Amino acid sequence: MAGKKAAGEGAAAGSSTPETSTTGSSDNEKPAPDNVGATVASTGNGEEPRIGVFVCHCGVNIAGFLDVEEVTEYAKTLPDVVFATRNLYTCAEDGITAIKDAIVEHGLNRVVVASCTPRTHEPLFRDACEEAGLNKYLFEFANIRDQCSWVHMHEWDRATAKAKDLVRMSVARASLLQPLDEISIDIHPASLVIGAGIAGMTAALAIADQGFEVHLVEKEAEVGGALRSLASLYPTDTDPAQVITRYLERLQANPNIRLYTGATLKAISGYFGNFDVTVSAGDRDETFKVGTVVVATGSEEMKPDGLYGFGELPGVVTQGQLEMMLKEDRLGGVDDVVVISCAGSRGQRVSYCNRICCMVGIKNAIALKERFPGANISILHNDVEVYGVRQEEWYTRARSMGIRFRKFNPEMRPEVVRDGDRLKVSMRFDLMQREVVLPADLVVLSSPQVQTQGGLDLAKMLRVPVGQDRFFFEAHVKLRPVDFATDGIYVCGTAQGPKDVPESIAQAHAAASHAVNPMRKLTVSTEAITSRVDPSSCIGCGFCAWVCPFGAVEMVARDGAWVSSINAALCKGCGACAAGCPTLAITTQHFTEDQTLAAIKAAFPEPSEPGDDYYPQVLAFTCNWCSYAGADLAGVSRFQYPANVRIIRLMCSARIDPLYVLEAFRHNADAVLMSGCHIGDCHYISANLMTEARFFALKDYLAALGVDPERLQLAWISAAEGEKWAEAVRNIVEIAQRLGPLDKTPLRYKESERFKAGAR
Ligand code: FES
């Protein structure tokens, strides 16, 4: 029967096992243990590894650009591999069934799938393992599509060789994988919602309506947030005061909601499920416990001081100030109004597009035109961004009312000067290829929303990240848009970035449902990838406590000496502590030293050939989030780059132990690339600052050893920077090509016994 594709690109009907496939056991198949066919090794603990490898054709996405059969045959020759096969689509229903069946039939206690990317398909394959009785942490991925077949589409032989290397690295790592148990945490069934603007009020009501206690904390004396200073709301033209009143009545009528106004969040400690909160309201402090937290602190309008005469020329105001004038009916009369969009955004003061200010400008221009029908109103813009059908209608309506839109060149922004007792705006009107001078009584600047100081302080208190734009930074823009990497804390509204009221409401509902889900279950399992300390090896230096971005490490006294203690519920598994531990007392589960070193050693078994055949060998470390996603995007975008690079994924770039870099060089890499999220975008708050510090220290050390430090490169890559990733690879390959094969003489240091023992 035709296989049904569970997920992934390019699904096609048909069996997931190609007719030409060499299904079944490998030539070197070892006898299955006694329990084969009856019970399955559920842990892999203490047993000889029995690895199954499943190489995916992904239709033609992989098989069209490299030799899948050759890769599969090669996999059969690898140590500990007892079974290898290939599938048309391993993620299809029959591909998943094949994995589950093979686990039982061949007594597999570890599984490697060589296919697309763990970012989309790891959960699916992990589930298959679990359904067959295998701990999900005994599953390993080899990314031979996004990071191989799709980026070397014209290099069949090199792509095939690289795929074999990637499978070998994954098998080496898989041999050392350990079963892990996730931590079960009791959840206190109450939520803290911080901020009572439209997003906070919506989230609070959505949580409370589902029967959970909510503590809603607002720093102002009244609820409503930014709505309180708006004259009207688009696209419905509603009076914001009426909206606030309706919401307030619902808040006050809901017995599950405790509202604190004029209140500040004084302290919060604990972890997912068990946060201890202290709120200061008036002259009293109140403490309570919650299980989840929703951040809805909003944003504020940037004051564009010094731009277009703002703060210097009377009559130059922001949209926010105009809203208040309209709301309080303070505008005597105007003949000429000029609205300037993107005042401070899109590269002028901040890099981002404010998304909503075009629409706000149109809404307020219409409001002015309705009050002063004879007024000349011009909107000077750098593209009009009115997304959504209703907004588009407002744009059309504005044009039909005689409001004029003129596009300026962002390289030559408009200028505002005093002209007697009025204002004068001059601009280069690109469409007409001429200068335009507009008289104005009022110049209105559409300036962007920015993060508040209170928001930044809160980010520190909660230990959640803000991005480069200083807005709260979600765990994943598409997959986890209202979560933080820190479990149990969620975000909504403009605290996360500019958005309008309908979007804030929609996001608040999403955040509320994420906050409610774990409270419904009363317990949750958290990720087992956390750091662990071996107290017997710990020398109590406290470095781990210093670098931990989450405050998960505490120094405790034991037998008269300090030792490190890690709170697993607070630890997020970035590994910054483990990478800096001088005695290797700390390791990060699922990314242990020996597992990573096994992959490093497997990457390039032989030194590169000197002479004309020299083909540099480059090892790259990425973080699990931005830079790995950037490398995947290069594949999705089919950006081609040299096939010299092999990638090792870690949770955070801060997990790149300096020893990994040295071991990579010692094990035949001619160059090493360290990569991670941009500074400010690290999913573990500020952990990648350690990456940067270690990179520069390593450069100095390599130079002192006599290794050209150019052989080590650092690249900050976002998930959207596929081309930048491709360029970073081209760059380091070019460097390695120029420098020639690495002379490893300076790296003949004695190998750690621990590494020797672990990495076979
Ligand atoms: Fe990407 Fe930390 S998660 S560098």
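Residues numbered from 1 in each chain as written. Predicted model: local features only at pLDDT ≥ 70, side-chain atom pairs only at ≥ 80, totals over all residues. Heavy atoms only, no water.

(A) Fine view of the sheet that holds strand β8 (residues 257-260). The parallel open sheet is built from five strands, whose spatial order is β8-β7-β6-β12-β23. Across the chains shown, the open sheet's two edge strands, defined by having one partner strand only, are β8 and β23 (489-491). Geometrically, the sheet is characterised by an average inter-axis angle of 20° between neighbouring strands, direction not taken into account. In this sheet, β23 lies alongside strand β12 (residues 292-295) in parallel orientation, the contact comprising three bridges. The residue bridging Val 295 from the neighbouring strand is Val 491, located in β23. In the packing of helix α6 (residues 198-208) onto the sheet, the strands contacted are β6 (190-194), β7 (213-217), β8 and β12, and the crossing angle to β7 comes to about 165°. Packed onto the sheet, helix α12 (residues 501-521) meets β6, β12 and β23 and runs at close to 165° relative to β23. (Pairing = 2+ DSSP bridges. Helix = DSSP H or I, 4+ residues; strand = E, 2+ residues; numbered from the N terminus. Axes fitted to C-alpha atoms, helices over the stretch in contact; angles between N-to-C directions. Contact = heavy atoms within 4.5 Å.)

(B) Looking closely at the sheet that holds strand β29 (residues 618-623). What the four strands build is an open sheet, ordered β30-β29-β31-β32; its pairing is parallel. Every other strand in the sheet has two partners, leaving β30 (645-650) and β32 (712-716) as the edge strands with one partner each. Each strand axis lies, on average, 20° off the axis of its neighbour in the sheet, ignoring direction. Helix α15 (residues 593-603) contacts β29 and β30 of the sheet and is inclined by roughly 175° relative to β30. Here helix α18 (residues 688-705) sits on the sheet and contacts β31 (671-676) and β32; the angle it forms with β32, its principal contact strand, is near 160°.

(C) Main features of a negative patch on the surface. Where like charges cluster on the molecular surface, the negative patch consists of Glu 606, Glu 609, Asp 612 and Asp 613. Along the polypeptide, Asp 612 turns up in the loop between α15 and β29. By relative accessible area, which is 83% here, Asp 612 ends up exposed. (Patch = residues over 30% accessible without salt bridge, like charges linked within 9 Å, V, L, I, M, F, W, Y side chains within 5 Å. Areas by Shrake-Rupley, 256 points an atom, 1.4 Å probe, with all protein chains shown as cover. Salt bridge = Lys/Arg side-chain N within 4 Å of Asp/Glu carboxyl O. Lys, Arg positive; Asp, Glu negative; His and termini not counted. Charge placed at Lys NZ, Arg CZ, Asp CG, Glu CD. Buried < 20%, exposed > 50% of the residue type's maximum accessible area, 1.4 Å probe, protein only.)

(D) Summary view of the side chain of Glu 301. Residue placement: Glu 301 occurs in strand β13 (residues 300-301). A distance of 2.7 Å separates a polar atom in the side chain of Glu 301 from a polar atom in the side chain of Thr 318. Reaching out from Glu 301, the side chain makes a polar contact with the backbone nitrogen of Gly 320 at a distance of 2.8 Å. In this structure Glu 301 touches Thr 318, Gln 319, Gly 320, Gln 321, Ser 447, Pro 448, Gln 449 and Val 450, once residues within four positions along its chain are discounted. (Polar contact = N/O pair within 3.5 Å; in protein donor to acceptor, adjacent residues only side chain to side chain.)

(E) Up close: the packing of α6 against helix α7 (residues 240-253). Between α6 and α7, the least distance of the axes is 10 Å, while the angle of their chain directions is 30°. In terms of orientation, α6 and α7 fall into the roughly parallel class. In this structure, α6 meets α7 at a crossing whose hand is left-handed. Here Ile 198, Met 201, Thr 202, Ala 204 and Leu 205 of α6 come into contact with α7, specifically with Val 243, Tyr 247, Arg 250 and Leu 251. Its residues assigned to classes, the contact of α6 with α7 comprises seven nonpolar, one polar and one charged. (Parallel < 35°, antiparallel > 145°, perpendicular 65-115°, else oblique. Left-handed = near helix turned anticlockwise from the far one by under 90°. Nonpolar A, V, L, I, M, F, W, Y, C, P; charged D, E, K, R; others polar.)

(F) A look at the pairing of strand β10 (residues 274-281). Most of β10 sits out of view: six of its eight residues are buried. Where strand β9 (residues 263-271) and β10 come together, eight bridges link them in antiparallel fashion. Among the inter-strand pairings, Thr 264 is bridged to a residue of β10, identified as Ser 280. The turn linking β9 back onto β10 is made up of two residues, and Gly 273 within it adopts a positive phi angle of 100°. In this structure, β10 lies alongside strand β11 (residues 284-290), joined through seven bridges in antiparallel fashion.

(G) Representation of the packing of aromatic side chains within the structure. Per the counting criterion, the structure on display carries twelve aromatic pairs. Here the aromatic rings of Tyr 260 and Phe 288 are separated by 5.8 Å at their centres, their planes lie at 25°, and the arrangement is stacked. With a gap of 28 residues between them, Tyr 260 in strand β8 and Phe 288 in strand β11 connect regions that are remote in the sequence. Comparing Tyr 260 with Phe 288, the two get one shared label, buried. (Phe/Tyr/Trp six-rings, centres within 6.5 Å; stacked < 30°, edge-to-face > 60°.)

(H) Spotlight on the nonpolar core. By size, the foremost hydrophobic cluster in this structure holds 111 residues, and its most contacted members are Val 53, Val 111, Leu 619 and Phe 621. No other element matches the eight residues that helix α5 (residues 156-175) contributes to this core. Ala 199, Ile 257, Val 294 and Val 524 belong to the second largest nonpolar core, which has 39 residues in total. (Core = buried A, V, L, I, M, F, W, Y, C linked by side-chain atoms within 4.5 Å.)

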